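Chains, contacts and geometry: an overview
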There are 2 protein chains.
Amino acid sequence: MIGVDWGTTSFRAFRIALDGTIRDRRAGMRGLVNVPDARFGDTLRDEIGPWLAAGENHVLLSGMIGSRQGWKEAPYLPCPAGAPQVAAALVEIEFDWAQVKLVPGLSATDEAGVAEVMRGEETQVFGVLEAMGGSGLACLPGTHSKWVRVEDSRITGFTTHMTGEAFGALRGHTILGRMMREGPSNGAPFDAGVRRSGDPGGLLHHIFGARALVLAGSLAETDAAAYLSGILVGHEVRAALAAQQGTVVHVIGVPDLTALYARAISANGGFPERHDGEAAARGLALIGERAAWN
Amino acid sequence: MIGVDWGTTSFRAFRIALDGTIRDRRAGMRGLVNVPDARFGDTLRDEIGPWLAAGENHVLLSGMIGSRQGWKEAPYLPCPAGAPQVAAALVEIEFDWAQVKLVPGLSATDEAGVAEVMRGEETQVFGVLEAMGGSGLACLPGTHSKWVRVEDSRITGFTTHMTGEAFGALRGHTILGRMMREGPSNGAPFDAGVRRSGDPGGLLHHIFGARALVLAGSLAETDAAAYLSGILVGHEVRAALAAQQGTVVHVIGVPDLTALYARAISANGGFPERHDGEAAARGLALIGERAAWN
């Protein structure tokens, strides 16, 4: 089968053997926003044409491609939901060269009854179910980080943190950005920001302090962005791990980002276990196995 | 005497009688950023010329006019400091038509040793010392909100929260702003945001929820900005009041803003007492009385 993790900005396709091993892969920036005139079918054919020609006929798509802004809307499936429930709710889409199905996103509500939705992350979490032993906590860092709870191989709930996007807005459009210069995103200043997030005063106080530290000469301009990032990630991790210290957290994503989150999770009493983006391929395979293909 | 609260964007001058009553006032947008070519002397003469002609000879300036970006830098005075200490540290400035002195800003460090500075707010706090009975907590909401601790008529410390500026960056430059339309800044949605700040999950989770509520139709687009504002102000107030419930908080500023903060303070177990911007005039009078004029 062919599995595609098709997001807002990126496109990653995998040719997957019956035993789940990845036989081939493609990745690029042909995410939703980079597909002109919503020509999703043509884009898909461009990308996976050779695999179709080689005889593949089952194509499973996950991610924002199943949103209202995507190819066709696949309604959210409410939690709790596991791979069998998701496989039973796939949405078929018209495509002349193969059978194509869309993975629906999941919906949930947090403790206060506020709605949560995700598209694509559920598939990545299914890809690490085995490593999780079917239960536990997963974290998918990014523009809108997700923390996903799993019990008995089903996703029972999740929460979103606007960490990545808030970081961009604060760096790009406040007084903080004006004193920042390019520098490494990892290391001691990030860790200092994570520690800072545990001090009294709250997030809105801590971020302002970044400026004071630079003005006082105790934080280099090239380290200020990493420090700000540490404060925000630290606040996210502290809130997400609240009362769950000692938990193993399965962190899924690109290595640069999972490395940072692993540091922040360790600093807050959690035990990080890192997984790369191939989790999406394993999740697509898991759902694809259970799908009703013609 | 003449007292001027001269900030980054605004200019407010008061002609003050010997008994402290305000005889006349001027206000406008001739703050630092709106004074071309740093012609501060000319601007001051334009604004208060008639009062000088009427015989006033003592002019006291507070605010960012005493910063490196202002007319002349008045070095920060470390906390604790009261009006007598500030009056003894005024910085004289060259001006042909009157004797002009600058109020220095104050510096402090928070519990974690991070530096804090302010310019102008100290003068406003001195203006409410009498109402405070010489001790207590003051809050000056704004782009960079200040929470100021006072003991024995001296400012002992303070913390800054980047609430107003963070609100602007989030509204203007994230996914949250794209679903917001102009609406009232007060009322039920603000209060709902304040309540939301007390839920589990943390600030970065709560702000993302604003979008979900709008998408679900349970928050109007015209109410979303007020709700976001309530979340941020709620987080600020909760952090600043932590372990100090039942405290009277003297809120100083423009009525629209102090009204909002008063609601958030009440909702978090504090007792707000509101003061308007005339606090600056009273503070300038208090310092001016103690200054060594020729």
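The sections below set out a description of the structure shown in this document. (Residues numbered from 1 in each chain as written. Chains lettered and ligands numbered in written order. Predicted model: local features only at pLDDT ≥ 70, side-chain atom pairs only at ≥ 80, totals over all residues. Heavy atoms only, no water.)

1. Structural notes on the overall build of chain A
What counts, and what does not: Segments assigned H or I by DSSP are reported as helices when at least four residues long, segments assigned E as strands when at least two residues long, and all are numbered from the N terminus. Atoms considered for the radius of gyration are the C-alpha atoms alone. The globule rule reads 2.2 Å times the number of residues to the power 0.38. Buried residues are those whose accessible area, probed at 1.4 Å on protein chains only, stays under 20% of the maximum for their type, while exposed residues exceed 50% and partly exposed ones sit between those limits. Contacts are assigned to residue pairs that have any heavy atoms within 4.5 Å of one another. Surface accessibility follows the Shrake-Rupley procedure with a 1.4 Å probe radius. Residue values consider only the protein chains on display as shielding.
Tallying secondary structure elements over chain A gives ten helices and 15 strands in all. Taking 294 residues into account, the globule formula puts the C-alpha radius of gyration at 19 Å, and chain A, at 20 Å, falls close to it. Along the longest, intermediate and shortest principal axes, the C-alpha atoms of chain A span 65 × 40 × 35 Å. Taking all 294 residues of chain A together, the buried fraction comes to 56%. Restricting the contact set of chain A to residue pairs at least 6 apart, pairs at least 24 apart contribute 63%. For chain A, the accessible area works out to roughly 12,100 Å², and carbon and sulfur atoms hold 49% of it.

2. Here's the deal with the sheet that holds strand 8 (residues 99-102) of chain B
Residue and element names in this part refer to chain B. Operational definition: When DSSP finds two or more bridges between two strands, those strands count as paired. Only the stretch in contact is used when a helix axis is fitted, and all axes are lines through C-alpha atoms; the angle between N-to-C directions ranges over 0 to 180 degrees.
An order of 3-2-1-4-8-7 is seen for the six strands of this open sheet, with the pairing classed as mixed. This sheet does not close on itself; its edge strands, each paired only once, are strand 3 (22-28) and strand 7 (91-93). Sheet twist, expressed as the average angle between the axes of neighbouring strands with direction ignored, equals 20 degrees. Pairing geometry for strand 1 (residues 2-6) and strand 4 (residues 58-62), over four bridges, is parallel. The residue bridging V4 from the neighbouring strand is L61, located in strand 4. Along the sheet, helix 1 (residues 40-53) makes contact with strand 1, strand 2 (11-16), strand 3, strand 4 and strand 8, crossing strand 1 at roughly 145 degrees.

3. Notes on the pairing of strand 8 of chain B
Each regular strand shows side chains that alternate between the opposite faces of the sheet. Residue and element names in this part refer to chain B. Burial along strand 8 is two-sided: the face carrying Q99 and K101 and the face carrying V100 and L102 are both buried. In terms of strand pairing, strand 4 meets strand 8 through four bridges, oriented parallel. Bridge pairing links H58 to Q99 in strand 8. Taken together, the three bridges between strand 7 and strand 8 define a ladder with antiparallel strand orientation. Bridge assignment links V91 to a residue of strand 8, and that residue is L102. In textbook terms, the turn of a hairpin is the stretch between consecutive antiparallel strands, and for strand 7 and strand 8 this stretch comprises five residues.

4. A short note on the interface of chain A and chain B
For clarity, the threshold we go by: Accessible-area loss on putting two parts together, using a 1.4 Å probe and summing over both, is the definition of buried area adopted here. The term polar contact refers here to a pair of N or O atoms within 3.5 Å; inside protein, the definition further demands a hydrogen-donor-capable atom paired with an acceptor-capable atom, and it admits residues adjacent in sequence only when both atoms are side-chain atoms.
Listed per partner, the contact involves 36 residues of chain A and 36 residues of chain B. Together, the buried faces of chain A and chain B total about 3,000 Å²; carbon and sulfur atoms form 73% of this surface. On the chain A side of the interface with chain B, the three residues burying the most area are M162, L204 and F208 of chain A, jointly 23% of the side's total. Here chain A is connected to chain B by 13 residue pairs in polar contact (both at pLDDT 80 or more).

5. Remarks on the packing of aromatic side chains
What counts here: Centres within 6.5 Å make a pair out of two Phe, Tyr or Trp rings, where for Trp the six-membered ring is used; the pair is then stacked when the planes are under 30 degrees apart, edge-to-face when over 60, and tilted otherwise. The criterion for a charge sitting over a ring is simple: Lys NZ or Arg CZ within 6 Å of the ring centre, and within 35 degrees of the ring normal.
Counted according to the given criterion, the structure contains twelve aromatic pairs over all chains. Plain terms: the ring middles of W6 of chain A and F40 of chain A are 6.0 Å apart, the flat faces sit at 80 degrees to each other, and that makes the pair edge-to-face. Of this pair, W6 of chain A sits in strand 1 (residues 2-6) while F40 of chain A sits in helix 1 (residues 40-53); the two residues are 34 residues apart in sequence, bridging distant segments of the chain. Each member of the pair, W6 of chain A together with F40 of chain A, is buried. Taking the centre distance of 6.4 Å and the plane angle of 35 degrees together, the rings of F40 of chain A and W71 of chain A count as tilted. One end of the pair, F40 of chain A, is in helix 1; the other, W71 of chain A, is in the loop between strand 4 (58-62) and strand 5 (77-78), and 31 residues separate them in sequence. Looking at F40 of chain A, the relative accessible area reads 4%, which means it is buried. Following the ring pairs from residue to residue traces out a cluster consisting of W6, F11, F40, W71, F95 and W97 of chain A. Just above the ring of Y76 of chain B sits the side chain of R119 of chain B; from NZ or CZ to the centre is 4.2 Å.

6. With respect to the side chain of E122 of chain B
Residue and element names in this part refer to chain B. We apply this condition: Counting rule applied: Lys, Arg positive; Asp, Glu negative; His and chain ends not counted. Just to be clear on terms, a salt bridge is a Lys or Arg side-chain nitrogen sitting within 4 Å of an Asp or Glu carboxyl oxygen.
Mapping E122 onto the fold places it in helix 3 (residues 121-126). The buried charged residue E122 lacks any salt bridge partner; its closest oppositely charged side chain belongs to R119, at an N-O distance of 7.4 Å. Aside from chain neighbours lying at most four places away, what touches E122 is S62, V103, P104, G105, L106 and I155.

Keep in mind that these numbers describe shape and distance, not what the molecule does.
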